[in-house]
Amino acid sequence: LSKTTKISEATIVLDPGHGGSDSGALSSKNKMEKTYTLRVAKAVAKRLRAAGAHVVLTRNTDTYVGLSARPALANKLNADAFISFHFDSSPENNQGSGITTYYYHKSTSLALAKALSNDVVGLPIKNKGTAFGDFLVIRDNSVPAVLMELGYINDDSDFKTISSKKYPNEVAQA
């Protein structure tokens, strides 16, 4: 595992969840998760690149990328971190709220999950902390990898924040 200490020496793979034919979850007004994951990833990429990091996105446009290709990219690049962005959804509208940061491999990824979870405490959507998550994109990663659910797309209050112009930049700032 690399011992990168400076952000300018880091390779970070950002994964805007879903895309193309895979819309992801829907808001109560049928807005698609894939739109907002890409917005957040682009804002975070811009911020990290400004700090000197080498940032690679699994997709830059509304295209479909298979699940296994996402961790494969991070593994191939021997990335210092892999962050997958998503928006949660509850079975019924307005039943869930909050941000959760998931990890799969405790040894490689729990520290990253805790650090990122602490970083997003000040966002306008409440932070629910870290949790174990069995998601292919983080399970199949050999690099530190997390999946962040940055609010509930089908909660009207969370979605108002998620769909705002400033939220992607607030996430990037955090």
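Look a little higher up for the structure.
Here the structure is a predicted model, which means the values were calculated and not measured.

Further remarks concern unusual backbone geometry. The phi angle at H18 is positive, at roughly 65°, despite the residue not being glycine. When you line up the elements, H18 lands in the loop between strand 1 (11-16) and helix 1 (33-50). Residue H18 is classed as buried on the basis of its relative accessible area of 17%. Positive phi, close to 60°, is recorded for N94, a residue that is not glycine. Secondary-structure assignment places N94 in the loop between strand 3 (81-88) and strand 4 (99-103). You can call N94 partly exposed: its relative accessible area is 41%.

What follows concerns the nonpolar core. L14, F85, L150 and Y167 are the most contacted members of the largest nonpolar core, which totals 36 residues. Broken down by element, the residue count for this core peaks at seven residues, all from helix 1. F85 has contacts with L14, D15, P16, G17, T37, V40, A41, V44, M148 and L150, leaving out every residue within four places of it along the chain. Core analysis: the second largest hydrophobic core is formed by eleven residues, F82, Y102, A145 and L147 among them.

Moving on, we come to the environment of D15. With respect to the element layout, D15 can be found in strand 1. Among all residues touching D15, those that are not within four sequence positions of it are T58, R70, F82, I83, S84, F85 and V137.

Let us look at the pattern of salt bridges. Counting across every chain of the model gives five salt bridges. The residue E9 makes a salt bridge to K6 at a minimum N-O spacing of 3.3 Å. Residue K6 is classed as partly exposed on the basis of its relative accessible area, which comes to 49%. One salt bridge in this structure joins D15 and R70, with 2.6 Å as the shortest N-O distance.

Judged by how many residues are buried, strand 6 (residues 145-152) sits mostly within the fold: eight of eight residues are covered. With five bridges connecting them, strand 4 and strand 6 associate as antiparallel partners. Bridging across to strand 6, T101 finds its partner in M148.

Criteria and thresholds
- Numbering of residues starts from 1 in each chain and follows the order in which that chain's sequence is written.
- Only residues with pLDDT of at least 70 get local features here, since the model is predicted, and only at 80 or more are side-chain atom pairs given and counted; chain-wide, interface and lining totals rely on the full set of residues.
- Side-chain numbers come from the whole structure's heavy atoms, not from hydrogens or water.
- Under the DSSP-based scheme used, a helix requires at least four consecutive residues in state H or I and a strand at least two consecutive residues in state E, with every element numbered from the N terminus.
- Only protein chains enter the accessibility calculation, which uses a 1.4 Å probe; a residue is then buried when its area is under 20% of its type maximum, exposed when over 50%, and partly exposed in between.
- Take the buried Ala, Val, Leu, Ile, Met, Phe, Trp, Tyr and Cys residues and link them wherever side-chain atoms come within 4.5 Å; each set so joined is a nonpolar core.
- Contacts are assigned to residue pairs with any non-hydrogen atoms lying within 4.5 Å of each other.
- Salt bridges are identified by distance alone: a Lys or Arg side-chain nitrogen within 4 Å of an Asp or Glu carboxyl oxygen.
- When DSSP finds at least two bridges between two strands, those strands are taken to pair.

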